[in-house]
Amino acid sequence: MGSALLRGVLQKGLYRPDEIEVAEPVPALQAALASEFGVAVDALERTGRWSHELALVCLKPQVFGTAMQRFREDRSLDIGLYVSIMAGVSMHALQLATGIGNVIRAMPNTPAQVLAGMTMWTATSEVSQAQRESAQAIFAAVGEELYTDHEADLDRATAINGSGPGYLFLVLEAMIDAGVHIGLSRDAAAKLATQTFLGSGELAKQLADIHPAELRNRVTSPGGTTAAGVQELELAGLRGAFASAIESAWKRSVELGG
């Protein structure tokens, strides 16, 4: 996700490569990032001064505490704003770990890699309007963004847009496998299913004022093929499975914050 955001801000011209500095804890990635993006890349532990208007925190929540402690101990920091994309880590925890009140918490998703992501975000009261606009521009550089005043919504967003690509890729995989089962080649099934996903999402986006149930009804003729297929999905408990998956992911996000 860090690389996706970096690619987006560079492609949109929000920052130049010489204005960006990356602290990367994985040695194997340091040279790769420097080569791909032309930015300065250092190890997490490096003495010196960091003075930046904004710092993106793109770490796994399980390692955040330790990594941030090492980062602050080894450097003299002058950071105006911290923007975190970590699942579950609260803004209060970010304030304690960073030592400043100006923090933004966001939940993007992996389609940001192709500039088609979805990000929900929120900010503490200390964050200025200019800082909000800078963060908003970064999120918009990789897709759509949505602000919320309620931090609890970030855990809910984690369960939908954050984890959502995983659910949809599983459905896509199942559709492709089913296509092969009924006699299509895997390449044909993959193209049919993938473009159907893409086109259906775009249709739902462009017709956002129409309820998804109505869009489904428009392709479901009485006694037709779609009706037969939808009946099987309903009998298999598709709605309940999705509800359970999203609730489980939401609870896990809350647990990570604890």
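Described below are features of the structure shown in this document. (Residues numbered from 1 in each chain as written. Predicted model: local features only at pLDDT ≥ 70, side-chain atom pairs only at ≥ 80, totals over all residues. Heavy atoms only, no water.)

### Here's the deal with the pattern of salt bridges
Right, so step 1: The full count for this structure, using the stated rule, is twelve salt bridges.
Right, so step 2: Its salt-bridge partner being Arg 156, residue Asp 153 comes within 2.8 Å of it at the nearest N-O pair. One end of the pair is Asp 153 and the other is Arg 156, both in helix H6 (residues 152-162) and three residues apart, which spans about a single turn.
Right, so step 3: Using a relative accessible area of 42% as the deciding quantity, one classes Arg 156 as partly exposed.
Right, so step 4: Across the pair Arg 186 and Asp 177 runs a salt bridge whose closest N-O atoms are separated by 3.0 Å.
Right, so step 5: What emerges from the salt-bridge pattern is a single network uniting Arg 16, Asp 18 and Glu 19. (Salt bridge = Lys/Arg side-chain N within 4 Å of Asp/Glu carboxyl O. Helix = DSSP H or I, 4+ residues; strand = E, 2+ residues; numbered from the N terminus. Buried < 20%, exposed > 50% of the residue type's maximum accessible area, 1.4 Å probe, protein only.)

### A few points about the sheet that holds strand S9 (residues 143-147)
Right, so step 1: Taken in spatial order, the five strands line up as S4-S6-S7-S8-S9 in an open sheet, and their pairing is mixed. The sheet is open, and its two borders are formed by strand S4 (55-57) and S9, each paired with just one other strand. On average, adjacent strands in this sheet sit at an angle of 25° to one another, irrespective of strand direction. (Pairing = 2+ DSSP bridges. Axes fitted to C-alpha atoms, helices over the stretch in contact; angles between N-to-C directions.)

### Examining the environment of Ser 51
Right, so step 1: Here Ser 51 shows up in strand S3 (residues 49-52).
Right, so step 2: For the pair Ser 51 and Glu 21, spaced 30 residues apart in the sequence, the C-alpha separation amounts to 9.9 Å.

### Let's talk about the side chain of Ser 84
Right, so step 1: Within the secondary structure layout, Ser 84 lies in strand S6 (residues 82-84).
Right, so step 2: On the basis of relative accessible area, Ser 84 is assigned to the buried category, the value being 1%.
Right, so step 3: Among residues more than four places away in sequence, those in contact with Ser 84 are Val 57, Leu 94, Ile 104, Arg 105 and Ala 106. (Contact = heavy atoms within 4.5 Å.)

### Section: the side chain of Thr 148
Right, so step 1: Turning to its location among the elements, Thr 148 is positioned in the loop between S9 and H6.
Right, so step 2: Note on Thr 148: relative accessible area 6%, which makes it buried.
Right, so step 3: Of note is the side chain of Thr 148, whose polar atom sits 2.7 Å from the side chain of Asp 153.
Right, so step 4: Dropping the residues within four chain positions of it, Thr 148 is found in contact with Met 120, Trp 121, Thr 122, Asp 153 and Leu 154. (Polar contact = N/O pair within 3.5 Å; in protein donor to acceptor, adjacent residues only side chain to side chain.)

### Describing the pairing of strand S7 (residues 103-107)
Right, so step 1: Within S7, five of the five residues are buried, which leaves it mostly tucked inside the rest of the structure.
Right, so step 2: Inspection of the sheet shows S6 paired to S7 by three bridges, in the parallel sense. When the bridges of S7 are listed, Val 83 appears paired with Ile 104.
Right, so step 3: What joins S6 to S7 is helix H4 (residues 91-98), and the crossover it makes is right-handed. (Right-handed = clockwise from strand over helix to strand, strands pointing away.)

### Section: the environment of Ala 116
Right, so step 1: Along the chain, the position of Ala 116 falls in the loop between S7 and strand S8 (117-123).
Right, so step 2: Residues Ala 116 and Val 142 lie 26 residues apart in sequence; the distance between their C-alpha atoms is 6.0 Å.
Right, so step 3: Apart from residues lying up to four places away in sequence, Ala 116 is in contact with Pro 111, Val 142 and Gly 143.

### Structural notes on unusual backbone geometry
Right, so step 1: Positive phi values are uncommon outside glycine, yet Leu 115 reaches one of about 60°.
Right, so step 2: Its location among the elements puts Leu 115 in the loop between S7 and S8.

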